[in-house]
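Notes for the structure review
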Amino acid sequence: SQKIEQNSEALNIQEGKTATLTCNYTNYSPAYLQWYRQDPGRGPVFLLLIRENEKEKRKERLKVTFDTTLKQSLFHITASQPADSATYLCALDKGGGNKLTFGTGTQLKVEL
Amino acid sequence: DAGVIQSPRHEVTEMGQEVTLRCKPISGHNSLFWYRQTMMRGLELLIYFNNNVPIDDSGMPEDRFSAKMPNASFSTLKIQPSEPRDSAVYFCASSSPLAGVNNEQFFGPGTRLTVL
C-alpha cells in the first residue's frame, strides 16, 4: 500500500541552526511533492512545490530536495527562527494537484 | 479575498445527532476538497469536487457521511448520525490552476467537531 512517512518525533533546534525535515514515501510515483506549514488551530499553508524532474528548489530560507530514486524529500530551513516553529507536512500527488496525500507531519520547535 | 471560509468553527453535539459543516471556497477556484484531521490518522482527504461535480469520494468513511456542492461558492459536509469517533478537525480547501503556478491548495481555518 502507499505510504508517506515523516519524523514522528518533534524536532528541537537552536535559533540560527539549519532544520532538516524528512519525507519518505513508498509505492508512489508522484509527479510532484508539496510542503505545507501548519500552526496550531489553523489550516495548512502552502510553502513549496518540487517536481519529479527537479533536484532542488529554493525560496528565501527554505530549500527542498527531491530524490525519486531514494523516494525521499528533504526540507531545510536555514538560519532558523522561533517564528519557524510549527508542524510541517509533506504532500504527494500524481499530477494536477487534485488529490493530495499528506504525511502525518513533523513538529519543529526553534528555541532561543 | 477573505480566503476559504468555514462554519461553524466549533461544534459540540451528542451521538446520533446530524451535523452539517459549511464551506465557502475562494472566489474563482474550481476545485474544492474536504479533509479530516486527527492525531492518529493525520490529514485525510474525504472527497473533492471539480466545477461542483464530485470527482473522488473514496475517502468518505461511511454512508453516514455525505457532501454536496450546489454551486461554485458553497459546499456542505453532513454526518448523520454522528458518532464519537467522528470527532476531529474538518478542513475545507480550494484550488485553481489559474491561482498559481504550483496549483496549491488553500485551506480554511477548520471546524473542530466533538461528538459526545
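The present account deals with the structure reproduced in this document. All figures in this text were calculated on a predicted structure; none of them were measured in a lab.

**A short note on the interface of chain A and chain B**
Each partner contributes residues to the interface: chain A has 18 residues there, and chain B has 20 residues. Of all residues in chain A, the largest losses of buried area upon contact with chain B belong to Asn-98, Lys-99 and Phe-102 of chain A, amounting jointly to 32% of the total for that side. Counting every contact that joins chain A to chain B gives one salt bridge. Close ionic contact of Lys-99 of chain A with Asp-56 of chain B constitutes a salt bridge, the shortest N to O distance being 2.6 Å. Taken together, the links from chain A to chain B amount to three residue pairs in polar contact (both at pLDDT 80 or more). Looking at the side of chain A that touches chain B, the elements with two or more residues in it are β4 (32–38) and β5 (45–51) of chain A. No other element matches the four residues that β4 of chain A contributes to the side of chain A that touches chain B. Classifying every residue of the side of chain A that touches chain B gives eight nonpolar, seven polar and three charged.

**Quick notes on the sheet that holds strand β8 (residues 72–77) of chain A**
Residues and elements named next belong to chain A. The five strands lie next to each other as β1-β3-β8-β7-β6, forming an open sheet whose pairing is antiparallel. On the outer flanks of this sheet lie β1 (3–6) and β6 (56–59), each paired with one strand and no other. The sheet shows a mean angle of 15 degrees between the axes of neighbouring strands, taken without regard to direction.

**Examining the pattern of salt bridges**
Residue and element names in this part refer to chain B. One pass over the full model with this rule turns up 14 salt bridges over all chains. Across the salt bridge formed by Arg-64 and Asp-86, the nearest N and O atoms sit 2.7 Å from each other. With Arg-64 in the loop between β6 (53–56) and β7 (65–71) and Asp-86 in the loop between β8 (74–79) and β9 (88–95), the pair connects residues that are 22 residues apart, well separated along the chain. Accessibility classification places Arg-64 together with Asp-86 in one group, the buried group.

Cut-offs used in this document
- Residues numbered from 1 in each chain as written.
- Chains lettered and ligands numbered in written order.
- Predicted model: local features only at pLDDT ≥ 70, side-chain atom pairs only at ≥ 80, totals over all residues.
- Heavy atoms only, no water.
- Contact = heavy atoms within 4.5 Å.
- Buried area = accessible area lost by both parts, 1.4 Å probe.
- Salt bridge = Lys/Arg side-chain N within 4 Å of Asp/Glu carboxyl O.
- Polar contact = N/O pair within 3.5 Å; in protein donor to acceptor, adjacent residues only side chain to side chain.
- Helix = DSSP H or I, 4+ residues; strand = E, 2+ residues; numbered from the N terminus.
- Nonpolar A, V, L, I, M, F, W, Y, C, P; charged D, E, K, R; others polar.
- Pairing = 2+ DSSP bridges.
- Axes fitted to C-alpha atoms, helices over the stretch in contact; angles between N-to-C directions.
- Buried < 20%, exposed > 50% of the residue type's maximum accessible area, 1.4 Å probe, protein only.

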